[in-house]
Amino acid sequence: MTASDRAYEERRHADSVAALCALLAQRDGLWRTDEDVAAATERARGLLAPGTTADPGQLQQALRELDEALLRAGDPRGLGGALRVGAGSVPGIGSRPDVPGVRPMIKVALCPGTAPCTRREPAKDLWPAPPCALNGVRMRKERLRRDPTA
């Protein structure tokens, strides 16, 4: 496996963890109403709980089982097919035209967990950051620029 293959797999894994976190943050998701999805969700959540050291293979298998359970329950996205809101990207970045002399900055809430996660949520200055559904603590706020090289 090449370095780019490993990086790709790590990113897919991080996106799956972010999608799980976003799924858990939904108040009325399938993980609350469908027994198979609920069981698969709790299995994956347990492997990512703070203080646990799960075998990466076990975690990958649990995330795959959750993806399959979501698909069977009628969610066409599965866990990682089309990223869930907050998993991997921030809505609105790239939607504004460039304005000379202005560098847009966005404040986002980032995952506080030790497992690599790509979840991003817009974070307003006056609002507290949303809680991380996996760790139970508030996400941390950071400023992100649209062009990190500028």
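Quick caveat: nothing in here was measured; it's all calculated off a predicted structure.

Caption draft 1: Region of interest: the packing of helix α3 (residues 35–48) against helix α4 (residues 56–72). Closest axis-to-axis distance for the α3/α4 pair is 9 Å, and the angle between their directions is 160°. Our classification of the angle between α3 and α4 gives roughly antiparallel. As α3 packs across α4, the resulting crossing turns out to be left-handed. Every residue of α4 that contacts α3 at Asp36, Val37, Ala40, Thr41, Arg43, Ala44, Leu47 and Leu48 is listed here: Gln58, Leu59, Ala62, Leu63, Glu65, Leu66, Ala69 and Leu70. Considering only residue class, the contact of α3 with α4 consists of 11 nonpolar, 2 polar and 3 charged.

Caption draft 2: Here's a closer look at the confidence of the model for the protein. Confidence along the protein averages 75 in pLDDT terms, with 77% of residues attaining 70 or more. Residue range residues 85–100 is modelled with pLDDT below 50. Its contacts to residues more than four positions away, or to other chains, number 27 contacts.

Caption draft 3: View of the nonpolar core. Membership of the largest hydrophobic core comes to 28 residues, with the highest contact counts inside it found for Leu20, Leu63, Leu66, Leu79 and Leu134. For this core, the secondary-structure elements that each account for two or more residues are α1 (3–25), α3 and α4. For this core, the element with the most residues is α1, which contributes 7 residues. Discounting residues that sit within four places of it in the chain, Leu63 has contacts with His13, Ser16, Val17, Leu20, Ala44 and Leu79.

Each value, and the rule that gives it
Residues numbered from 1 in each chain as written. Predicted model: local features only at pLDDT ≥ 70, side-chain atom pairs only at ≥ 80, totals over all residues. Heavy atoms only, no water. Axes fitted to C-alpha atoms, helices over the stretch in contact; angles between N-to-C directions. Helix = DSSP H or I, 4+ residues; strand = E, 2+ residues; numbered from the N terminus. Parallel < 35°, antiparallel > 145°, perpendicular 65-115°, else oblique. Left-handed = near helix turned anticlockwise from the far one by under 90°. Contact = heavy atoms within 4.5 Å. Nonpolar A, V, L, I, M, F, W, Y, C, P; charged D, E, K, R; others polar. pLDDT = per-residue confidence, 0-100. Core = buried A, V, L, I, M, F, W, Y, C linked by side-chain atoms within 4.5 Å. Buried < 20%, exposed > 50% of the residue type's maximum accessible area, 1.4 Å probe, protein only.

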